[in-house]
Amino acid sequence: MPPVFPMLTVLSMFYYMCLRRRARTATRGEMNSRRAIESNTRALPINVEIVQYAKEVLDFSSHYGSENSMSYTMWNLAGIPNVYPSSGDFTQTAVFRTYGTWWDHCPSARLPFKRTPTTFCSQDYVELAFEEPVYPTAVHILETYHPGAVVRILACSANPYSQNPPAEVRWEVLWSEAPTKVNGPQARQFTPSIKQINFPTNLIRLEVNSSLLDYYTELDAVVLHGVKERPVLSLKASMIDMNDIDEDEDEEKYGCGMDTLNKQFSIVALREWPSNGYFDKLPYELIQLILSHLTVPDLCRLAQTCKLLYQHCCDPLQYIHLSLQPYWARINDTSLEHLQSRCTLIQWLNLSWTGNRGAISVSGFSRFLKVCGSELVRLELSCGHFLNETCLEVITEMCPNLQELNLSSCDKIPPQAFNHIAKVGSLKRLILYRTKVEQTALLSILNFCSELQHLSLGSCVMIEDYDLIASMMGAKCKKLRSLDLWRCKNITENGIAELASGCQLLEELDLGWCPTLQSSTGCFTNLARKLPNLQKLFLTANRSVCDTDIEELAANCTHLRQLDILGTRMVSPASLRKLLESCKDLSLLDVSFCSQIDNRVVLELNANFPNVFIKKSFTQ
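Residues numbered from 1 in each chain as written. Predicted model: local features only at pLDDT ≥ 70, side-chain atom pairs only at ≥ 80, totals over all residues. Heavy atoms only, no water.

Notes on the overall build of the protein chain
Thought 1: Across its full length, the protein chain carries 16 helices and 21 strands.
Thought 2: Within the protein chain, the fraction of its 620 residues that count as buried is 51%.
Thought 3: Long-range contacts, defined as pairs at least 24 residues apart, comprise 80% of the intrachain contacts of the protein chain with a sequence gap of at least 6.
Thought 4: Accessible surface, the protein chain: about 28000 Å² in total, of which carbon and sulfur atoms supply 53%. (Helix = DSSP H or I, 4+ residues; strand = E, 2+ residues; numbered from the N terminus. Buried < 20%, exposed > 50% of the residue type's maximum accessible area, 1.4 Å probe, protein only. Contact = heavy atoms within 4.5 Å. Areas by Shrake-Rupley, 256 points an atom, 1.4 Å probe, with all protein chains shown as cover.)

Pasting the structure below:
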């Protein structure tokens, strides 16, 4: 049998010659195209550029605002600018829930998934619909405070206003870039250079990464420029250069192309290779260790090289932890079907952002979990709008070992469906941020899931009596370490008292924008005295927080690392100095809109306590 490597060399030379010939052909075609364009310029119709603001916000992963108002919500991105060109912190803008790395350094922080491609860094997203489908020529993003969060812009082939759903939904990346630090919080118009696509669109998606920001980014409006007729591609784009064939293009073409991945997933037979090289001589465990550093697309490509590596790449041990979120745009029922045989031992699974617009069906999701759910410990399903009651029922039946469940922003799940979660008594982490969970279901969950350590109920608007919920937590959830009650509207000092008495292991508590809590009732003093292990406490926008509360925190919560008292009128510089002197580990202090804390005080505190990031936003 002839040797393999000379044959590979010949094939490589042939491939190179084909590319060079194609490049020369393109060069000749360029001259012909130029002559054709010059001769027909007068005959071509004028392709008028259409400029339009977003008509509607269709979907988003999180926002700072509430579900029942417009302040700081993603819905502010629809229509003309409200603030731009002014700079500063304005309620009429769109703001995501987090910024910086603070949320990664608190007790509720989750471990990252391995094998996440370095090119995928998105943390949040928002999808915008426009009136007219166009071929995009430019996208303008009006950023009014701490710009620089946008890392990716995508266009979708589906028309959200069409009566006939398309047979195939395509997403194309118009622009992407790694997070960059922007100097200064001032407003700007961000206009990246976007690539041309071969379909018209009126659905644009922005993905953001706020990890490098000093404070919350604020977006005011998005402007889409485009033409109705497909523009002539740039002549330079038709040229082929060997330097253009780089890893980034390959990643974009193949790494996120699930059509290609699905074919790679489904390979069942390979030709007999005469030799596996030196891989035969390596220990099985060493090869597995090497392959554990590859992304999922790379693993699928490697499986096509030889039979030995195919066996290694299909070993279920390679899929103990699997994140499909970076490939959300191409994951579908077929993808899950092809992955089933490889994921029989899977323990961590991330399907966040996947499956929307019909890509994953209830039956497809159910079939996958029935085969692969028995060993699951962690399941991430954030923004999974295909999820319904049947899906939750399948999760609770097929995943008996589940300890972590993330349903953040799964706002299509009906209220009664959450009752099924109570069957998973081993749960330690449950994220229900922006869901429609109702009171009866939540009480049942708290009653039967006594192992809970981390619970997020932020922006859950259908809960009628948070005092009753807090009382149940205090009675049943003794191991609770972190609790998110962001924007819960009706908790009072009674609920806080029950919570503080029963959940004394709490290290993180978010009571931001809870207007029914009043310092005069002693609720914050009670918290400080009963919860000495607190590391993070958010009392955002509670105007009643006063010096007494701050002094109690200084005396009792010396492990405090993060404190947000934005908007209070009653805290003086003197009490803040006591806090900073007592809490040696404090790293974040937000005093924005605190009327007694002016810029002079902030500068003085910064000079005396340089290890603390003291935040104070402004309006122009």
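From this point, things continue past the structure.
Overview of the layout of surface pockets
Thought 1: Of the pockets and cavities examined, the second largest pocket occupies roughly 1400 Å³.
Thought 2: Looking at the second largest pocket, it is lined by 47 residues, and the ones nearest its centre are W103, D104, R110, Q123 and N406.
Thought 3: Sorting the residues of the lining of the second largest pocket by element identifies β12 (378–380), β14 (429–431), β15 (454–456), β16 (482–484) and β17 (508–510) as the ones contributing at least two each.
Thought 4: A class-by-class count of the residues in the lining of the second largest pocket yields 16 nonpolar, 20 polar and 11 charged.
Thought 5: Mapping the lining of the second largest pocket onto the domain boundaries places at least three of its residues in each of domain 1 (49–227) and domain 2 (464–619). (1 Å grid on protein atoms, 1.4 Å probe; cavity = no way out; pocket = protein on both sides within 12 Å on 5 of 7 lines; lining within 4 Å. Points joined across faces, edges and corners; volume = space filled by probe spheres on them. Nonpolar A, V, L, I, M, F, W, Y, C, P; charged D, E, K, R; others polar. Domains from an automatic or database assignment.)

Things to note about the packing of aromatic side chains
Thought 1: The final tally for this structure, using the stated rule, is 18 aromatic pairs.
Thought 2: Aromatic side chains Y99 and Y215 sit 5.2 Å apart centroid to centroid with 55 degrees between the ring planes, which places their arrangement in the tilted category. Of this pair, Y99 sits in the loop between β3 (94–95) and β4 (124–145) while Y215 sits in the loop between β8 (201–208) and β9 (218–227), and the two are 116 residues apart along the sequence. The two residues Y99 and Y215 agree in class, both being buried.
Thought 3: Look at F113 and W348: their rings are 5.5 Å apart centre to centre, the planes differ by 65 degrees, and that puts the pair in the edge-to-face class. Taken together, the residues span a long stretch of sequence, with F113 in the loop between β3 and β4 and W348 in strand β11 (residues 348–350) at a distance of 235 residues.
Thought 4: For F113, a relative accessible area of 11% puts it in the buried group.
Thought 5: The rings of Y64, Y72, Y99, W103, Y145, Y215, Y216, W486, W513 and F538 are connected pair by pair, giving a single aromatic cluster. (Phe/Tyr/Trp six-rings, centres within 6.5 Å; stacked < 30°, edge-to-face > 60°.)

Observations concerning the nonpolar core
Thought 1: Membership of the largest hydrophobic core comes to 114 residues, with the highest contact counts inside it found for L407 and M473.
Thought 2: The contacts of M473, once residues within four sequence positions are left out, are L446, L455, L457, K478, L480, L483, L485, L499 and C503.
Thought 3: By size, the runner-up hydrophobic cluster in this structure holds 30 residues, among which are L128, A149, I204 and V208. (Core = buried A, V, L, I, M, F, W, Y, C linked by side-chain atoms within 4.5 Å.)

Side note on empty space enclosed by the protein
Thought 1: All told, the structure shown has 2 cavities of 30 Å³ or more when counted by the stated rule.
Thought 2: The calculated volume of the largest cavity comes to roughly 40 Å³.
Thought 3: Mapped by element, the contributors of at least two residues to the lining of the largest cavity are α13 (523–530) and α14 (547–556).
Thought 4: With 3 residues, α13 is the single largest residue contributor to the lining of the largest cavity.
Thought 5: Empty space within the second largest cavity amounts to approximately 30 Å³.
Thought 6: The wall of the second largest cavity is formed by K114, R115, V296, H321, L322, S323 and Y327.
Thought 7: A per-element tally of the lining of the second largest cavity places strand β10 (residues 321–323) first, with 3 residues.
Thought 8: In the lining of the second largest cavity, the residues fall into 3 nonpolar, 2 polar and 2 charged.

Points about helix α15 (residues 573–582)
Thought 1: Buried within α15 we find P573, S575, L576, L579 and L580. Looking down the long axis of α15, one finds its buried residues gathered within 160 degrees of arc, a one-sided arrangement.
Thought 2: In this structure, the buried side of α15 is in contact with α14, β19 (562–564), β20 (588–590) and α16 (599–608). (Arc of directions from axis to C-beta.)

Side note on the environment of L446
Thought 1: If you trace the backbone, L446 turns up in helix α10 (residues 439–448).
Thought 2: It is 8.3 Å that separates the C-alpha atoms of L446 and I469, two residues lying 23 residues apart in sequence.
Thought 3: In this structure, L446 is in contact with L452, L455, I469, M472, M473, K476 and C477, ignoring residues within four places of it in sequence.

Some details on the pattern of salt bridges
In a structure, side chains of opposite charge can pair up when their charged atoms sit close to one another.
Thought 1: Evaluation of the coordinates by the stated rule reveals 26 salt bridges.
Thought 2: Residues E172 and R170 are paired through a salt bridge, measuring 3.2 Å at the closest nitrogen-oxygen approach.
Thought 3: When its relative accessible area of 27% is taken as the criterion, R170 is described as partly exposed.
Thought 4: Close ionic contact of R481 with E507 constitutes a salt bridge, the shortest N to O distance being 2.8 Å. With R481 in the loop between α11 (466–476) and β16 and E507 in the loop between α12 (493–502) and β17, the pair connects residues that are 26 residues apart, well separated along the chain.
Thought 5: In this structure R481 comes out as partly exposed when scored by relative accessible area, which is 27%.
Thought 6: On the basis of relative accessibility, which here comes to 17%, the residue E507 falls in the buried class. (Salt bridge = Lys/Arg side-chain N within 4 Å of Asp/Glu carboxyl O.)

A look at the packing of α13 against α14
Thought 1: Running from amino to carboxyl end, α13 crosses α14 at an angle of 5 degrees, the nearest separation of the two axes being 8 Å. Looking at the two axes, α13 sits roughly parallel to α14. For the pair formed by α13 and α14, the contact residues are F524, T525, A528 and R529 on the first element and T548, D549, E552, L553 and N556 on the second.
Thought 2: Here the residues of the contact of α13 with α14 are counted per class, giving 3 nonpolar, 3 polar and 3 charged. (Axes fitted to C-alpha atoms, helices over the stretch in contact; angles between N-to-C directions. Parallel < 35°, antiparallel > 145°, perpendicular 65-115°, else oblique.)

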